[in-house]
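As a plain string of letters, each chain reads:
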Amino acid sequence: MNAVFFDIDGTLAIRTKIPESAKEAIKKLRENGDKVFICSGRYKLYAIKHFKDFACGFICCNGRLAFMGDDVIVDEPLSPKMIRDITLRLDKTDIAYVFYGQNETYYKGPDELSREIMTVSEADELIKRIDP
């Protein structure tokens, strides 16, 4: 048995579309008893909703959350201090940015950014604007 890790965006899939050749390869891996993990910077609900049929485990939120079934392996969200430090630095650059939590997205930037987030996110996801 091996553990095989696949990135989603631009590697295994384009948004949520997985090529048939990749689906077949994953099927063969699983038939051989290999454990398939999906890796993404995205949040948990997105990964599960679109890729649960292909993996036995996930690494989400840029490596800060890992789980296999109901077993959480890693759960290390950014601390409030880390978020403050990062946002203070980003605010000095006057650029838009996004933070993904386990089940929600936080962003700061123009309204167009929230529309762009929705094109890659889910309507049932909680999107919160970070006020200046």
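Residues take numbers from 1 onward in each chain, read along the sequence in its written order. Given that the model is predicted, a residue must reach a pLDDT of at least 70 before its local features are reported, and side-chain atom pairs must reach 80 or more before they are shown or counted; all residues, however, enter totals for whole chains, interfaces and linings. As a rule here, side-chain values come from all non-hydrogen atoms in the structure, and water together with hydrogens is ignored.

This part takes up the environment of N103. What counts as a helix is a DSSP run of H or I of at least four residues, what counts as a strand is a run of E of at least two, and both are numbered from the N terminus. By secondary structure assignment, the location of N103 is in the loop between β6 (97-100) and β7 (104-108). Spatially, the C-alpha atom of N103 lies 9.8 Å from that of R42, the residues being 61 residues apart in sequence.

By the element assignment, D34 lies in the loop between α1 (20-31) and β2 (35-39). No salt bridge forms around the buried D34; measuring N to O, its nearest opposite-charge neighbour K35 is 9.3 Å away. Think of a polar contact as two N or O atoms within 3.5 Å of one another; within protein, one of them needs to be a possible hydrogen donor and the other a possible acceptor, and neighboring residues in sequence only count if both atoms come from side chains. At 2.9 Å, the side chain of D34 and the backbone nitrogen of N2 are in polar contact. Relative accessibility decides the category of a residue: with a 1.4 Å probe and only protein chains considered, values under 20% of the type maximum give buried, values over 50% give exposed, and everything between is partly exposed. We count Lys and Arg on the positive side and Asp and Glu on the negative side, and we leave His and both chain ends out. Here, a salt bridge means any Lys or Arg side-chain nitrogen found within 4 Å of an Asp or Glu carboxyl oxygen.

So, on to the pairing of strand β1 (residues 3-7). Strands were regarded as paired on the criterion that DSSP finds at least two bridges between them. Pairing analysis gives five bridges linking β1 to β2, with the strands arranged parallel. Residue pairing for β2: F5 is matched across the bridge by F37. Handedness of a crossover is defined as follows: with both strands directed away from the viewer, a clockwise route from the first strand across the helix to the second makes it right-handed. Following the backbone out of β1, through α1 and into the adjacent parallel β2, one traces a crossover that is right-handed.

To continue, consider the confidence of the model for the protein. In this model, the protein carries a mean pLDDT of 85, and residues with pLDDT of at least 70 account for 89%. The pLDDT score gives, residue by residue, the confidence of the prediction method on a 0 to 100 scale. When pLDDT is averaged over each element of the protein, strand β5 (residues 71-75) comes out on top at 95 and helix α4 (residues 111-120) at the bottom at 68.

Think of an α-helix as turning once every 3.6 residues; residues three or four places apart then point the same way. If you check helix α3 (residues 80-93), its first and last C-alpha atoms are 20 Å apart, about what 14 residues at 1.5 Å a residue would give, namely 20 Å. Backbone geometry just downstream of α3 places D94 in the positive-phi region, at approximately 60°. A helix is expected to span 1.5 Å multiplied by its residue count minus one.

It is characteristic of soluble globular proteins that their nonpolar side chains tend to be buried jointly. The set of buried Ala, Val, Leu, Ile, Met, Phe, Trp, Tyr and Cys residues whose side-chain atoms join them within 4.5 Å is what this entry labels a nonpolar core. Counting 20 residues, the largest nonpolar core has L12, I18, I38, F51, F58 and C60 as its most contacted members. Residue contacts are defined here by distance: any two heavy atoms, one from each residue, within 4.5 Å place the two residues in contact. If sequence neighbours within four positions are ignored, F51 has contacts with I8, A13, R15, T16, I18, I38, Y46 and F58.

Another aspect to go through is the packing of aromatic side chains. Put simply, two rings from Phe, Tyr or Trp (the six-membered ring, in Trp's case) pair if the centres are within 6.5 Å, and we call them stacked under 30 degrees between planes, edge-to-face over 60, tilted for the rest. In the structure shown here, the tally under the stated rule is five aromatic pairs. Centroid distance F5 to F37: 5.0 Å. Interplanar angle 20°. Geometry classified as stacked. Of this pair, F5 sits in strand β1 while F37 sits in strand β2, placing them 32 residues apart in sequence. For F37, a relative accessible area of 10% gives the class buried. A ring pair is formed by Y46 and F51, whose centres lie 6.4 Å apart and whose planes are at 50°; its orientation type is tilted. For the pair Y46 and F51, one class covers both residues: buried. Through successive ring pairs, a cluster of aromatic residues spans Y43, Y46 and F51.

Another aspect to go through is unusual backbone geometry. Outside of glycine, negative phi angles account for most residues, and trans bonds account for most peptide bonds. In this structure, N62 is a non-glycine residue whose phi angle is positive, near 55°. As for its position among the elements, N62 is in the loop between β3 (57-60) and β4 (65-68). Backbone geometry at D94 places phi at a positive 60°, although glycine is not the residue there. Considering the arrangement of structural elements, one finds D94 in the loop between α3 and β6. The exposure class assigned to D94 is exposed, which follows from its relative accessible area of 70%.

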